[in-house]
Structure formats: structure tokens, C-alpha cells
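# Structural characterization, general
The primary structure of each chain is shown beneath.
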Amino acid sequence: ALPLPKEAEHVGMNDLPFVHVSDKVALQLLQVDLTQGLWVLRTRFQPGYQIETHRHTGPVFAVTEKGSWFYLEYPNVVNQPGSYLFEPAGSVHTLTTPKDQTGETQVWFAIYGANINLDDKGNVTGVLDAATILHVYRSLCAAQGLDCSKLIVHGA
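Here is a short report on the structure shown in this document. A quick note: this is a predicted structure, and the numbers were derived from the prediction, not measured.

Summing up its helical and strand segments, the protein has one helix and 14 strands in all. Computed over C-alpha atoms, the radius of gyration of the protein comes to 16 Å, within 12% of the 15 Å expected from 2.2 N^0.38 for 156 residues, which places it in the range of a compact globule. Overall, the protein is about 55 × 30 × 30 Å in size when its C-alpha atoms are taken along their principal axes. Considering the protein as a whole, with its 156 residues, one finds that 42% of them fall into the buried category. Nonlocal contacts in the protein, meaning residues at least 24 apart in sequence, comprise 66% of its contacts between residues at least 6 apart. Accessible area of the protein: about 8,800 Å², with a carbon and sulfur share of 56%.

Here you go:
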């Protein structure tokens, strides 16, 4: 006999909080699959924000919901609302939001593997993966008095 199908898991737009990582960035973690090394999140970046240069160990899928952003390495390719971006494993870049933009940038990401953060000489300064982002998100929610009980977690 075939196993019973699993039910779909749903998270509403406001079921999980955005937590402030800094005054320039907030994130809403939606799903973590520790077995596959997958993390799915929405991010909010303020104008003039720049993520540390990083290399991806797996593919990344991104949809821009609001605002705009680009890679410092490719300034003429600007992601705007509705833009879809695929980042192959091994890609290296520096996500940047325009300084002169009015309002925040919001992007949905599905990330497999890790972000290997790099300094300007290519030395590893940190690693962010599914297990780490899960710990960070839960810790920030607890510190900010926010409920993250509807977060979808597999493989824990």
C-alpha cells in the first residue's frame, strides 16, 4: 500500500514576525529543512544596505516583492518588483540596495546550502546555513518577544 500523502503546510503573510537583525535589515523565516539544507525567508533591507560579500554552496532562488537591489559586481542588473533571480552554486556577490531609494526593499529567498561570508581578500569570515539561521531567528524572536511557533521546520 502507498503511504498516505502528507498534508500541505501553510504560513499566512502575517503568521510569522519580521525580526530586526539591525536597523538596516529584518527577516521573516518561513521554512527550514535541515535534511536538505534549505532555508526560505523574506527579507527587508533599508536603502543603502550592503550584505557582506558571500559565496553560495547551493542554488538560490529570489523574487523581489518591493524596492530594488543589485550586486555590487553587476550594477547594471537591477532587481525590481516582480523580478526573479537564480543564483547558481558557487556564485560570489555583494547584495546592495540603492542609497537614493525611497522605502525598503523586500525579497523572498529560497536558499540551499550555506552563504560563506568573505572579506575583501577572500578569507572566510563566517558561515550562514539552515541550522544557523533557524537558531538566529528563534533567538531574535525570543529576545524581541515575538511568536515564531508557526515556522515550518523539517529534519529537526
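Ordered in space as β7-β6-β10, the three strands form an open sheet in which the pairing is antiparallel. This sheet does not close on itself; its edge strands, each paired only once, are β7 (74-79) and β10 (95-96). Summarising the sheet, strand β6 (residues 69-71) and β10 pair through two bridges and their orientation is antiparallel. Residue Phe-70 lies in a different strand from β10, and its bridge partner there is Thr-96.

Take the sheet that holds strand β9 (residues 92-93) next. Taken together, the four strands give an open sheet; going across it, the order is β9-β4-β12-β13, and neighbouring strands pair in antiparallel fashion. Since the sheet does not close on itself, it has two edges, and those belong to β9 and β13 (124-128), each with one partner. Sheet topology note: the strand β12 (residues 115-118)/β13 ladder contains four bridges and is antiparallel. Bridging from a neighbouring strand, Ile-116 pairs with Val-127 of β13.

Before going further, it helps to examine the pairing of strand β3 (residues 38-45). Of all eight residues making up β3, seven are buried, and the element is well covered by its neighbours. In this sheet, β3 lies alongside strand β2 (residues 25-33) in antiparallel orientation, the contact comprising eight bridges. In the strand pairing of β3, Val-32 is matched with Trp-39. Taking the residues between adjacent antiparallel strands as the criterion, β2 and β3 are bridged by four residues, where Gly-37 takes a positive phi near 70 degrees. Alignment of β3 against strand β11 (residues 105-112), held across eight bridges, turns out to be antiparallel. Bridging across to β11, Arg-44 finds its partner in Gln-106.

Conventions used here
Residues numbered from 1 in each chain as written. Predicted model: local features only at pLDDT ≥ 70, side-chain atom pairs only at ≥ 80, totals over all residues. Heavy atoms only, no water. Helix = DSSP H or I, 4+ residues; strand = E, 2+ residues; numbered from the N terminus. Rg over C-alpha atoms; globule rule 2.2 N^0.38 Å. Buried < 20%, exposed > 50% of the residue type's maximum accessible area, 1.4 Å probe, protein only. Contact = heavy atoms within 4.5 Å. Areas by Shrake-Rupley, 256 points an atom, 1.4 Å probe, with all protein chains shown as cover. Pairing = 2+ DSSP bridges.

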